[in-house]
Amino acid sequence: MSIAENIVSIKAELAPYHTQLVAVTKNQPIASLEQLYNSNHRIFGENRVQELTTKHESLPKDIEWHLIGHLQTNKVKYIASFVHTIHSIDSLKLLAEVNKQAAKNERVINCLLQMFIAKEETKFGLDESEALAILTSSELPTFENIKIVGLMGMATNIDNHAIVVDEFRQLKAFYDFVKTIKLPNVNFVEISMGMSSDYLLAAREGSTMVRIGSAIFA
Ligand SMILES: *Cc1c(COP(=O)(O)O)cnc(C)c1O
């Protein structure tokens, strides 16, 4: 199927759950991103800063760009003028730098805390106590140019649905818990979970944003 057909069918699958699609365009050539754009899709996700800035420069300016991959503090300055949402906040230090660079650009950047939910060693992310330490830190109320809008997590890359669903439920339970606490600069409305292999499981478990690459471009 073409990119346009894939987009239509994935959006139809997600519609009953009101889950938004972040089209993951990493490693794809500009021509494919143009096809995506011409299919009327506007939310694009990249995992590397260099690739994100290059693609942002080459494409129309009404695209909403999401950074979904690991972000180093010293690279925040390259994306702060345009990035809409950063899914991969994993420290207070990184959040402070995003706030500083967003302030320079007179913007507010949406941030998600990346949570570690998988049974794999290799995935980045915070555990619940580390996330709570950031959310309740005395510095957070001074960060006027960021908003923590929710959580992101990646499930174990495994064919066993029960394990994947269990990890999504764990993330959703923590999300629902944080939602009940009133915290400055925190407004939980997004839970970014689900990729090509597990997006329907994620949508059923309450995901508000799925990050899908290969199922669109394959
Ligand atoms: C690549 C990537 C995705 C998309 O993966 P697919 O399996 O191609 O859908 C989602 N999230 C993150 C963080 C990624 O790096």
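Quick look at the structure, then. (Residues numbered from 1 in each chain as written. Predicted model: local features only at pLDDT ≥ 70, side-chain atom pairs only at ≥ 80, totals over all residues. Heavy atoms only, no water.)

1. A few points about the overall build of the chain
Secondary structure summary: the chain contains nine helices and eight strands in total. A compact globule built from 218 residues would reach a C-alpha radius of gyration of about 17 Å, and the chain, at 17 Å, matches this within 12%. Along the longest, intermediate and shortest principal axes, the C-alpha atoms of the chain span 50 × 40 × 30 Å. By the burial criterion, 50% of the 218 residues in the chain qualify as buried. Residue pairs at least 24 apart in sequence account for 59% of intrachain contacts in the chain once pairs closer than 6 positions are excluded. (Helix = DSSP H or I, 4+ residues; strand = E, 2+ residues; numbered from the N terminus. Rg over C-alpha atoms; globule rule 2.2 N^0.38 Å. Buried < 20%, exposed > 50% of the residue type's maximum accessible area, 1.4 Å probe, protein only. Contact = heavy atoms within 4.5 Å.)

2. Side note on the site of the ligand
Around the ligand sit Val 24, Lys 26, Asn 47, Ile 68, Met 154, Met 195, Ser 196, Arg 211, Ile 212, Gly 213 and Ser 214, and those are all the residues in its vicinity. A distance of 2.5 Å is found between an oxygen atom of the ligand and a side-chain nitrogen or oxygen belonging to Ser 196. Contact between the ligand and Ser 214: an oxygen atom at 2.8 Å from a main-chain N or O atom of the residue. Burial of the ligand by the surrounding chains reaches 85%, relative to a free accessible area of 390 Å². Taken together, the residues that form the shell around the ligand break down as five nonpolar, four polar and two charged. (Near = heavy atom within 4 Å. Polar contact = N/O pair within 3.5 Å; in protein donor to acceptor, adjacent residues only side chain to side chain. Areas by Shrake-Rupley, 256 points an atom, 1.4 Å probe, with all protein chains shown as cover. Nonpolar A, V, L, I, M, F, W, Y, C, P; charged D, E, K, R; others polar.)

3. Focus: unusual backbone geometry
Its identity as a non-glycine residue notwithstanding, Asn 27 has a phi of 65°, on the positive side. Mapped onto the elements, Asn 27 comes out in the loop between β1 (20-24) and α2 (30-38). Judged by relative accessible area, Asn 27 falls into the exposed class, the value being 54%. Within the chain, Asn 185 stands out as a residue other than glycine whose phi angle is a positive 65°. In this structure, Asn 185 sits in the loop between α7 (161-179) and β7 (186-193). Taking the relative accessible area as the measure of exposure, Asn 185 reaches 17% and is therefore buried.

4. Regarding the pattern of salt bridges
In this structure the tally under the stated criterion is seven salt bridges. For Glu 46, the salt bridge identified is with Lys 55, shortest N-O distance 2.9 Å. This pair shows no difference in class: Glu 46 is buried, exactly as Lys 55 is. Close ionic contact of Arg 169 with Glu 205 constitutes a salt bridge, the shortest N to O distance being 3.0 Å. Taken together, the positions of Arg 169 in helix α7 and Glu 205 in the loop between α8 (199-204) and β8 (209-212) put the pair 36 residues apart, joining distant regions of the chain. Counted as one network, the salt bridges with shared partners bring together Glu 46, Arg 48, Glu 51 and Lys 55. (Salt bridge = Lys/Arg side-chain N within 4 Å of Asp/Glu carboxyl O.)

5. With respect to the pairing of β8
Burial along β8 is two-sided: Met 209 and Arg 211 and Val 210 and Ile 212, pointing in opposite directions, are all buried. Here β1 pairs with β8 via four bridges, running parallel. Paired with Leu 21 across the strands is Val 210, a residue of β8. (Pairing = 2+ DSSP bridges.)

6. Considerations on the packing of aromatic side chains
For any two aromatic rings, the description comes down to two numbers: the centre-to-centre distance and the angle of the planes. On inspection of all chains with the given rule, the structure shows three aromatic pairs. Measuring from ring centre to ring centre gives 5.3 Å for Phe 44 and Trp 65, while their planes differ by 70°; the resulting arrangement is edge-to-face. Here Phe 44 is found in strand β2 (residues 43-46), whereas its partner Trp 65 is found in strand β3 (residues 64-67), with 21 residues between them in sequence. Ring centres 5.5 Å apart and planes at 20° place the aromatic pair Tyr 175 and Phe 188 in the stacked group. Residue Tyr 175 is located in helix α7, and its partner Phe 188 is located in strand β7; the two are separated by 13 residues in the primary sequence. Given the relative accessible area of 5%, Tyr 175 is considered buried. (Phe/Tyr/Trp six-rings, centres within 6.5 Å; stacked < 30°, edge-to-face > 60°.)

7. Brief notes about the environment of Ser 32
Tracing the backbone shows Ser 32 in helix α2. Between the alpha carbons of Ser 32 and Ile 3 there is a distance of 7.8 Å; along the sequence they are 29 residues apart. If near-sequence neighbours (up to four positions away) are discounted, Ser 32 is found in contact with Ile 3 and Phe 217.

Interpretation note: all reported values are geometric properties and have no functional meaning in isolation.
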